[in-house]
Amino acid sequence: QVQLVESGGGLVQPGGSLRLSCRASGSIFSIYAMHWYRQAPGKQRELVADIANNGNTYYADSVKGRFTISRDNAKNMVYLQMNSLKPEDTAVYYCKVDLNGDFDPILRTYWGPGTQVTVSS
């Protein structure tokens, strides 16, 4: 079994910064892409950023230049550094990981439970 746990969310003023972390644990053989999504109240969940196992990254236009995704393969962790935060960044942030478990040839997707980010003065 695989578990994902996010941390680092909270309340921050506009223009501030937060760093989200997500750790994957359990019976993991190999991790491929790692992603951050967010869902604001009344809106659909959207992709914020992702990073492939070769380090290639993607960012939504709304966060380019402000957010940075990174990963630590040795620790099975993915991070999201969020700078110059805006009220419209307020949402629950979720990490998603694509991986093979031990003795499992099927590529599976796992989601974390989410962490709340609120940007408000």
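Everything numeric here is computed off the predicted structure, so don't read it as measured data. (Residues numbered from 1 in each chain as written. Predicted model: local features only at pLDDT ≥ 70, side-chain atom pairs only at ≥ 80, totals over all residues. Heavy atoms only, no water.)

A. Looking closely at the overall build of the chain. Of regular secondary structure, the chain possesses zero helices and eleven strands. Shown N-terminal to C-terminal, the secondary structure of the chain runs as helices and strands in the order β-β-β-β-β-β-β-β-β-β-β. The principal-axis extents of the C-alpha atoms in the chain amount to approximately 50 × 25 × 25 Å. Expressed as a percentage of its 121 residues, the buried residues of the chain come to 43%. Accessible surface computed for the chain: about 6,500 Å², of which carbon and sulfur atoms make up 48%. (Helix = DSSP H or I, 4+ residues; strand = E, 2+ residues; numbered from the N terminus. Buried < 20%, exposed > 50% of the residue type's maximum accessible area, 1.4 Å probe, protein only. Areas by Shrake-Rupley, 256 points an atom, 1.4 Å probe, with all protein chains shown as cover.)

B. The arrangement of the sheet that holds strand 1 (residues 2-7) in detail. Spatial ordering of the open sheet is given by 1-3-8-7, a layout of four strands whose pairing is antiparallel. Edge positions in the sheet fall to strand 1 and strand 7 (67-72), since each of these pairs with one other strand and no more. Strand-to-strand twist of the sheet, defined as the mean angle between neighbouring strand axes without regard to direction, takes the value 15 degrees. Bridging between strand 1 and strand 3 (residues 18-26) involves six bridges; their strand directions are antiparallel. (Pairing = 2+ DSSP bridges. Axes fitted to C-alpha atoms, helices over the stretch in contact; angles between N-to-C directions.)

C. Representation of the state of the cysteines in the model. If you walk through the whole model with that rule in mind, you get one disulfide. Shown here is the disulfide that connects cysteine 22 with cysteine 95, its sulfur atoms set 1.9 Å apart. Taken as a pair, cysteine 22 in strand 3 and cysteine 95 in strand 9 (residues 91-101) lie far apart in primary sequence, 73 residues in all. Each member of the pair cysteine 22 and cysteine 95 is classed as buried. (Disulfide = S-S within 2.5 Å.)

D. The side chain of aspartate 104, seen in detail. Tracing the backbone shows aspartate 104 in the loop between strand 9 and strand 10 (108-111). Among the polar contacts made by the side chain of aspartate 104, one reaches the main-chain amide nitrogen of isoleucine 106 at a distance of 3.0 Å. (Polar contact = N/O pair within 3.5 Å; in protein donor to acceptor, adjacent residues only side chain to side chain.)

E. Seen up close, the nonpolar core. In this structure, Trp36, Leu80, Met82 and Tyr93 are the most contacted members of the largest nonpolar core, which totals 30 residues. Mapped by element, the contributors of at least two residues to this core are strand 1, strand 3, strand 4 (28-39), strand 5 (46-51), strand 7, strand 8 (77-82), strand 9 and strand 11 (115-119). Ranked by the residues each element gives to this core, the list is headed by strand 9, at five residues. Leave out the neighbours within four places in its chain, and methionine 82 touches Gly16, Ser17, Leu18, Leu20, Arg66, Phe67, Tyr93 and Val117. (Core = buried A, V, L, I, M, F, W, Y, C linked by side-chain atoms within 4.5 Å. Contact = heavy atoms within 4.5 Å.)

F. Structural context of the packing of aromatic side chains. Tallying each qualifying case throughout the model produces two aromatic pairs. Judged by centre distance (6.4 Å) and plane angle (80 degrees), the rings of tyrosine 94 and tryptophan 111 are edge-to-face. In this pair, tyrosine 94 is assigned in strand 9 and tryptophan 111 in strand 10, connecting sequence segments 17 residues apart. Taking relative accessible area as the criterion, tryptophan 111 reaches 38% and is therefore assigned partly exposed. Ring pairing ties together the aromatic residues Tyr37, Tyr94 and Trp111, which thus form one cluster. (Phe/Tyr/Trp six-rings, centres within 6.5 Å; stacked < 30°, edge-to-face > 60°.)

G. Spatial organisation of unusual backbone geometry. Although it is not a glycine, asparagine 76 adopts a positive phi angle of roughly 55 degrees. Residue position: asparagine 76 is located in the loop between strand 7 and strand 8. With a relative accessible area of 23%, asparagine 76 lands in the partly exposed category.

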